[in-house]
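# Secondary and tertiary structure notes
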Amino acid sequence: MVKHLEIPLPPECQSPRSCDRCCEDKLGELAGVRRIQRQSTTFILDYDQHQIDLSQWQDLKRLGVCPLLETLVQQMSQTRRGFFDRIISWVSAYPELFLVLLSGLLVLTGWAMRLTDVSPGIGLGLLGVSGVLSSTRTFPQAVEALKQFRLDVDVLMFVAAIGAASIGHYEEGAFLLFLFGLGSAGEHLALGRARRAIESLTRLAPQTAIRLDQQTETPVPVEELQPGDRILIRPFDRIPVDARILVGQTEIDQSSITGESVPVAKKTGDDILSGTLNGEGRLIAEVLRPVQESTLARIVKLVEEAQSQKSTTQRLTDRMESYYVPIILILTVLLIVLVPLLTGLRWSEAFYNAMAFLTAASPCALAIGTPAAVLCGVAKAARLGVLVKGGAHLDALAWVRAVALDKTGTVTLGRPVIDSILTFDDMQPSVALVQAAALEQHANHPIASAIVQAAQKQSLSLPDVSGLTQHAGRGVTGVINGTRWFVGKIHTTDSWPAHIRQAYQQLRDQGMIVVVLTKEDQPIALLGLKDQPRESSALAVRQLRELGLDPIVMLTGDHPAVASSVAREIGVSTFYADLMPEQKWQIIDQLRQQAGPVAMVGDGVNDAPALAHADVGIAMGAAGTQAAMETADVVLMGHDLTRLVDVFKLSVRARRIIAQNLVIALGVIGIVAPLSALGYTSLGMAVFLHEGSTVLVVLNALRLLRDPNRDRPSVAHDSL
């Protein structure tokens, strides 16, 4: 019998490279598999229930080939189990929800018995048992609040339930506790989704690594690895700790950390991050730091800390609740005492109306709506490769009106690359590049690396060089095929021909670093290098402007000609050059006076004063950089500036959902509570509307975990 399974892909399994290999090379070989199909967010499996061997799947799961297997094995196991086995499995997974649902069944049964006068005593007992089962979470919380001489929502609910029972409305009291317990269980399960989105980060890194002791490969727990240890990373393994490649080259899928959807090329000397996924290369790497200090561990720690930092709205509602609850209790007492005296209403009716008022006025939805939205927002940002250090910063992002962008390393790559090669005396640019790279191949400064990488990108063969001499601060001299060559900077161009002097000045005017190649002391080529804008910069600036953020300015300590060139390429009309750190601080003040709250985006180290002074400091490309994580309010783990756009959109969505939750909560209180006090709403209806609003605000907050641009590709492919 062929079964069909279609399940959502967990976040850590949404890398096409890893999942495709797992599905094609492993799952397709198993007996009974009829069809495997991986879509952008779902996984489809057709299999023959009678031919499938679950032990094979369990073996694969133990090998850790793919986290998706755990869900698949669980689903297939359930289809093979009987109805009662599946019920038992569900109960063990959700015991609190099961008890609450059982209490609901007892409420219904007890109410029916008392309504029909069939064993009313037993019916009353069932209502009592129902109240106990539905209060396994809420009753201890209420007791703890009273021990601390504190009044909260849990206390209000039990006062209302006891009050209803005291005047003979046992069914409505039990119904109140049932719905309150159901709401609490629903909140617990729903918020668990947001927390699991964060906790899934901790499962990215493997628990063991292969340590190389001389020529011996020894599997060890990652906790035993120390800086300097050498480890083996096999193809398609997850990287256990932060490390530096000693041997090998590969492509690393960093989407779990940085949010970049395209694998990044890595070679000898490059750093790799814990929790990322190796490609096809076999690597030997050196451990950089203990697992407790790894990038992934710091991310998890920061996100956990962010949960305890409250937004402005949340702090306001918390303060309001501390005054609100006693006021509601006082009003309830006044309704019980004064209404019968002033209106002649029977005491029992006044008491009943007061209990309905107490229920409707309890701020459950008000108390949970904002923290639920904040938690979901922080979790969603973490999925995008963005760390938001608390609800206050998520809230502040939504109010930002101006953005200041650091240039070097933020909107640009932060390293020079060859932009232009001008040659003279009929020399071909590729020949000039070969000669320059041959001279520079043994140097280690950024300009030399840029020249050599440009030659390697064109697969150019480099000739041998003899008599190599490095001149500090100037360049390199060497002999190639009997001819003396020089590559580097020059102090004067006075002896050059006019057309070469003019070309040299044109490159300088364009903001380039100019390197001269001479042959027997005669200029033969000019190499213009510049710090190139990232592929994502222009798109991010345009999208930020579409969000209504204005002005967007660029700040740099670089030369004005360089700043002008970069600003023009990324679409920024206003820039400030030749800045000292304290001048960036002053410009942040000017922007705040001109437009309102300001976000500063920088590298988190040399821009620390401006980041701290801005309303929101955002560190760019901070994976592996502890200083950047500690300095900024928001951390973009990768180098894709469009993630900045994503987090601004997320903050606006979070603010909108928080506002919606406040309207829902206050609307129910403002409408139902007065009607209940006047006797127009029964206790049962007040209970239903109150608890319904609580569940509604949680479900509304969970919408933040959805991605409206799920399949939007990442733009930047820059290596960290």
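Starting afresh in each chain, residues are numbered from 1 along the sequence in its written order. Local features in this predicted model are restricted to residues whose pLDDT is 70 or higher, and side-chain atom pairs enter the listing and the counts only when it is 80 or higher, whereas totals over whole chains, interfaces and linings include all residues. Only heavy atoms go into the side-chain values, all of them from the structure, while hydrogens and water stay out.

### Here we look at the overall build of the protein chain
A count of helical and extended segments in the protein chain gives 26 helices and 25 strands. The buried share of the protein chain, taken over its 720 residues, is 51%. Accessible surface area values rest on a Shrake-Rupley calculation with a 1.4 Å probe, where residue burial reflects the displayed protein chains alone. Carbon together with sulfur atoms contributes 55% to the accessible area of the protein chain, which is approximately 32700 Å² in total. Strands are runs of DSSP state E lasting at least two residues, helices are runs of H or I lasting at least four, and both sets are numbered from the N terminus onward. In this scheme, a residue with accessible area under 20% of its type's maximum is buried, one over 50% is exposed, and one in between is partly exposed, where area comes from a 1.4 Å probe on protein chains only.

### Points about the pairing of strand 23 (residues 598–602)
Burial of strand 23 is extensive: five of the five residues sit out of reach of the surface. Covered by surrounding structure in strand 23 are Val598, Met600 and Gly602 together with Ala599 and Val601, the residues of both alternating faces. Of the strand pairs in this sheet, strand 14 (residues 402–406) and strand 23 are connected by four bridges, and their pairing is parallel. Note that in strand 23 the partner of Ala404 across the bridge is Met600. By the convention used here, strands pair only if DSSP detects at least 2 bridges between them.

### Some points on the environment of Asp607
Summarising the element assignment, Asp607 is placed in the loop between strand 23 and helix 23 (608–613). Residue class for Asp607 comes out buried when judged on its relative accessible area of 1%. In this analysis, two residues are considered to be in contact whenever any of their non-hydrogen atoms come within 4.5 Å of each other. Apart from the residues within four sequence positions on either side, Asp607 is in contact with Asp406, Lys584, Met600 and Gly602.

### Notes on the confidence of the model for the protein chain
Averaged over every residue, the pLDDT of the protein chain is 78; residues scoring 70 or more account for 75%. Below pLDDT 50 for its whole length, residues 16–21 participates in 14 contacts with residues either more than four positions away or in separate chains. Of the regions scoring below 50 in pLDDT, residues 710–720 engages in 40 contacts with residues more than four places distant in sequence or in other chains. As a per-residue quantity, pLDDT reports the predictor's confidence and falls between 0 and 100.

### Details of the nonpolar core
Take the buried residues of types Ala, Val, Leu, Ile, Met, Phe, Trp, Tyr and Cys, join any two whose side-chain atoms come within 4.5 Å, and each joined set is a nonpolar core. Of all hydrophobic cores here, the largest spans 48 residues; its most connected members are Val386, Val403, Leu405, Met554, Ile618, Leu644 and Phe648. Looking at which element gives the most residues to this core, the answer is helix 25 (residues 642–677), with eight residues. Leave out the neighbours within four places in its chain, and Met554 touches Leu405, Lys407, Val411, Ala563, Val566, Ala567, Ile570, Val572, Thr574, Phe575 and Tyr576. Grouped together as the second largest cluster of nonpolar side chains are 43 residues, Leu127, Ile336, Ala356 and Cys364 included.

### Side note on the pairing of strand 21 (residues 552–555)
Covered by surrounding structure in strand 21 are Ile552 and Met554 together with Val553 and Leu555, the residues of both alternating faces. Across four bridges, strand 14 lies against strand 21 in parallel orientation. Bridge assignment links Ala404 to a residue of strand 21, and that residue is Val553. In this structure, strand 21 lies alongside strand 22 (residues 574–576), joined through three bridges in parallel fashion. When the sheet's bridge partners are listed, Met554 is paired in strand 22 with Phe575. Where the polypeptide runs from strand 21 across helix 21 (residues 560–570) and back to strand 22, its parallel neighbour, the crossover connection is right-handed. For the handedness criterion, the strands are oriented away from the viewer, and a crossover whose path from the first strand over the helix to the second runs clockwise is classed as right-handed.

### Thoughts on the side chain of Thr477
Checked against the element boundaries, Thr477 lands in strand 17 (residues 475–480). The buried category is assigned to Thr477, whose relative accessible area is 13%. Residues contacting Thr477, with those up to four places away along its chain left out, are Leu439, Gly467, Leu468, Thr469, His471, Arg484, Trp485 and Phe486.

### Points about helix 13 (residues 347–361)
Between its first and last C-alpha atoms helix 13 spans 21 Å; for 15 residues at 1.5 Å apiece the expected length is 21 Å, and the two agree. Most of helix 13 is tucked away, with twelve of its 15 residues classed as buried. For helix 13, the complete set of buried residues consists of Ala350, Phe351, Tyr352, Asn353, Ala354, Met355, Ala356, Phe357, Leu358, Thr359, Ala360 and Ala361. For a helix, the expected span equals 1.5 Å multiplied by the residue count minus one.

### So, the sheet that holds strand 9 (residues 264–266)
Here three strands make up an open sheet; going across it, the order is 9-8-11 and the pairing antiparallel. Two strands bound the open sheet, and with one partner strand each, they are strand 9 and strand 11 (277–278). The sheet contact formed by strand 8 (residues 250–253) and strand 9 spans three bridges and is antiparallel. Bridge pairing in strand 9 places Ile252 opposite Val264.

### Here we look at helix 5 (residues 95–115)
Working note: α-helix, 3.6 residues per turn, so residues spaced by three or four point in the same direction. For helix 5, built from 21 residues, the straight-helix expectation of 30 Å at 1.5 Å per residue is met to within 8% by its first-to-last C-alpha distance of 30 Å. Listed as buried for helix 5 are Glu96, Leu97, Val100, Ser103, Gly104, Leu106, Val107 and Gly110. Remark: Asp117 follows helix 5 within two positions and exhibits a positive phi of approximately 60°.

### Let's talk about the sheet that holds strand 6 (residues 230–233)
Read across the sheet, six strands follow the order 5-4-6-12-7-10 without closing on themselves; strand pairing throughout is antiparallel. Edge positions in the sheet fall to strand 5 (216–221) and strand 10 (271–272), since each of these pairs with one other strand and no more. Note: strand 7 (residues 243–247) against strand 10, two bridges, orientation antiparallel. Bridge pairing links Ala243 to Ile272 in strand 10.

### Some words on the environment of Tyr680
If you trace the backbone, Tyr680 turns up in the loop between helix 25 and helix 26 (683–702). A residue is classified by how much of its surface remains accessible, and Tyr680, at 66% relative accessible area, is exposed. Along the chain, Tyr680 and Ala356 lie 324 residues apart, while their C-alpha atoms are 9.8 Å from each other.

### What about the pattern of salt bridges?
Two side chains of opposite charge can pair, provided their charged atoms sit close to one another. A pairing counts as a salt bridge when a side-chain nitrogen of Lys or Arg comes within 4 Å of a carboxyl oxygen of Asp or Glu. Across all of its chains, the model carries 15 salt bridges by this definition. For Lys530, the salt bridge goes to Glu569, with nearest N and O atoms at 2.9 Å. In this pair, Lys530 sits in strand 20 (residues 522–533) while Glu569 sits in helix 21, placing the two residues 39 residues apart along the sequence. Assessed through its relative accessible area of 8%, Lys530 is described here as buried. Between Arg592 and Asp615 there is a salt bridge, and its shortest N-O distance comes to 3.1 Å. Of this pair, Arg592 sits in helix 22 (residues 581–594) while Asp615 sits in the loop between helix 23 and strand 24 (616–620), placing them 23 residues apart in sequence. Connected through salt bridges with shared partners, the residues Arg211, Asp213 and Asp229 form a single ionic network.

### Considerations on the packing of helix 17 (residues 429–440) against helix 18 (residues 446–457)
The geometry of helix 17 relative to helix 18 is characterised by a closest axis approach of 9 Å and an angle of 130° between their N-to-C directions. With respect to their mutual orientation, helix 17 and helix 18 come out oblique. Of the two possible hands of crossing, helix 17 and helix 18 adopt the one that is left-handed. Contact residues: Leu433, Ala436, Ala437 and Glu440 in helix 17; Ala448, Ile451, Val452, Ala454 and Ala455 in helix 18. Axis lines are fitted through C-alpha atoms, for helices just across the contact stretch, and the angle between N-to-C directions can take any value from 0 to 180 degrees. In this scheme, roughly parallel covers angles under 35 degrees and roughly antiparallel covers those over 145, while 65 to 115 is roughly perpendicular and the rest are oblique. Put simply, a crossing is left-handed when the front helix is turned counterclockwise from the back one by less than a right angle, and right-handed when it is turned clockwise.

### Digging into unusual backbone geometry
That bond from Asp550 to Pro551 is cis: its omega, 5°, falls within 30 degrees of zero. Relative to the helices and strands, Pro551 resides in the loop between helix 20 (537–546) and strand 21. Phi at Asp426 is positive, roughly 65°, even though this residue is not glycine. Its place among the elements puts Asp426 in the loop between strand 15 (412–423) and helix 17. What makes Asp426 exposed here is its relative accessible area of 79%. Positive phi, normally seen in glycine, also occurs at Asn481, with a value near 55°. Inspection of the secondary structure puts Asn481 in the loop between strand 17 and strand 18 (483–488).

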